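An overview of the molecular structure
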Amino acid sequence: RKACFRIPTGSSELDRVLGGGIESMAITEVFGEFRTGKTQLAHTLCVTTQMPGIGHSGGKVAYIDTENTFRPDRLRPIAARFNLDADAILQNVVYARAFTSEHQMELLDLVAAQFYSEPGVFKILIIDSIIGLFRVDYSGRGELSERQQKLAQMLSKVQKISEEYNVVVYITNQMTADPGAGMTFQIDPKKPVGGNILAHASQTRIMLRKGRGELRVAKIYDSPDMPESEATFAITEAGIND
Ligand code: ATP
Ligand code: MG
């Protein structure tokens, strides 16, 4: 059996409540309102994945971007913080933009094929966001059950990739009122999108909210081995930090 590993987030407090970082062979979902740091954490993970460390020799990153918010140049100051060569870091990030939910599915097949052909080289799959394109493609009335069915197919593919290739899977999710997704949206209008399908697929769920200035608060839900708890971190030029 392969041993799972963890990738640090850049924030020691967030790492602590996660038990050392984001674990491999599982899906970790981050949700929160706009500007809470979901994409900034994705950028930071592109670098921290490649840090040489205990039991972890660094590795390549597969990044699926559905929102066109990946900025390669953002990795440079983050790499500098960890004394890593930015060009080498960038070369190890295999990036793809997904344009439709179907395209996103096809990209996952390509990711699986690449992980298969380069065993042990990739350490993380990032999908930012997992659900955005589904909300566009299945926005009509009466399309919700089809959307959830397709989403379930995608998540099972993602889960299989995480276990088969022992990689971290970091996915981001949005938050809004989402009638019909099985949530009590009338009581609390802001809920993560994706309903029970997404809630049950993610082994660890992290909710982000804004704190003062560039501070953010992460609340950990549903971790298989960590208690529910909160951590405060900062978004800085050099990525997620204390
Ligand atoms: P969305 O739901 O819109 O995708 P998000 O959760 O992905 O939002 P991010 O884009 O990760 O949000 O975070 C945006 C925040 O990161 C902003 O508050 C911004 O000030 C901060 N930020 C972005 N770039 C930098 C930087 N170079 N230095 C410091 N802070 C930055
Ligand atoms: Mg974002």
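Residues numbered from 1 in each chain as written. Chains lettered and ligands numbered in written order. Predicted model: local features only at pLDDT ≥ 70, side-chain atom pairs only at ≥ 80, totals over all residues. Heavy atoms only, no water.

In the vicinity of ligand 1 lie 15 residues, with Arg35, Lys38, Thr39, Gln40 and Glu237 positioned nearest. In the model, an oxygen atom of ligand 1 is placed 3.2 Å from a nitrogen or oxygen of the Thr36 main chain. Contact with the protein chains hides 73% of the accessible area of ligand 1, taken as 650 Å² for the molecule alone. Taken together, the elements giving at least two residues each to the shell around ligand 1 come down to α2 (38–48) and β12 (229–236). Considering every element that reaches the shell around ligand 1, the biggest residue donor is α2, with three residues. (Near = heavy atom within 4 Å. Polar contact = N/O pair within 3.5 Å; in protein donor to acceptor, adjacent residues only side chain to side chain. Areas by Shrake-Rupley, 256 points an atom, 1.4 Å probe, with all protein chains shown as cover. Helix = DSSP H or I, 4+ residues; strand = E, 2+ residues; numbered from the N terminus.)

Right, let's get into the sheet that holds strand β10 (residues 204–210). Pairing in this open sheet of nine strands is mixed, and the strands run β5-β4-β6-β7-β3-β10-β11-β12-β13 from one edge to the other. The open sheet has two edge strands with one neighbour each: β5 (93–97) and β13 (239–241). Ignoring strand direction, the axes of neighbouring strands in this sheet form an average angle of 25 degrees. The sheet contact formed by strand β4 (residues 60–65) and strand β6 (residues 122–128) spans six bridges and is parallel. Residue Val61 lies in a different strand from β6, and its bridge partner there is Ile124. Seen against the sheet, helix α7 (residues 144–164) touches β3 (26–32), β6 and β7 (168–173) and runs at an angle of roughly 125 degrees to β3. (Pairing = 2+ DSSP bridges. Axes fitted to C-alpha atoms, helices over the stretch in contact; angles between N-to-C directions. Contact = heavy atoms within 4.5 Å.)

To continue, consider the pairing of β6. Buried residues dominate β6, accounting for seven of its seven residues. Pairing between β6 and β7: four bridges, direction parallel. Bridge assignment links Leu125 to a residue of β7, and that residue is Val169. (Buried < 20%, exposed > 50% of the residue type's maximum accessible area, 1.4 Å probe, protein only.)

With that settled, consider the pairing of β3. With seven of seven residues buried, β3 lies mostly within the body of the structure. Pairing of β3 with β10, which is carried by five bridges, proceeds in the parallel orientation. Directly across from Val30, in β10, lies its bridge partner Ile206.

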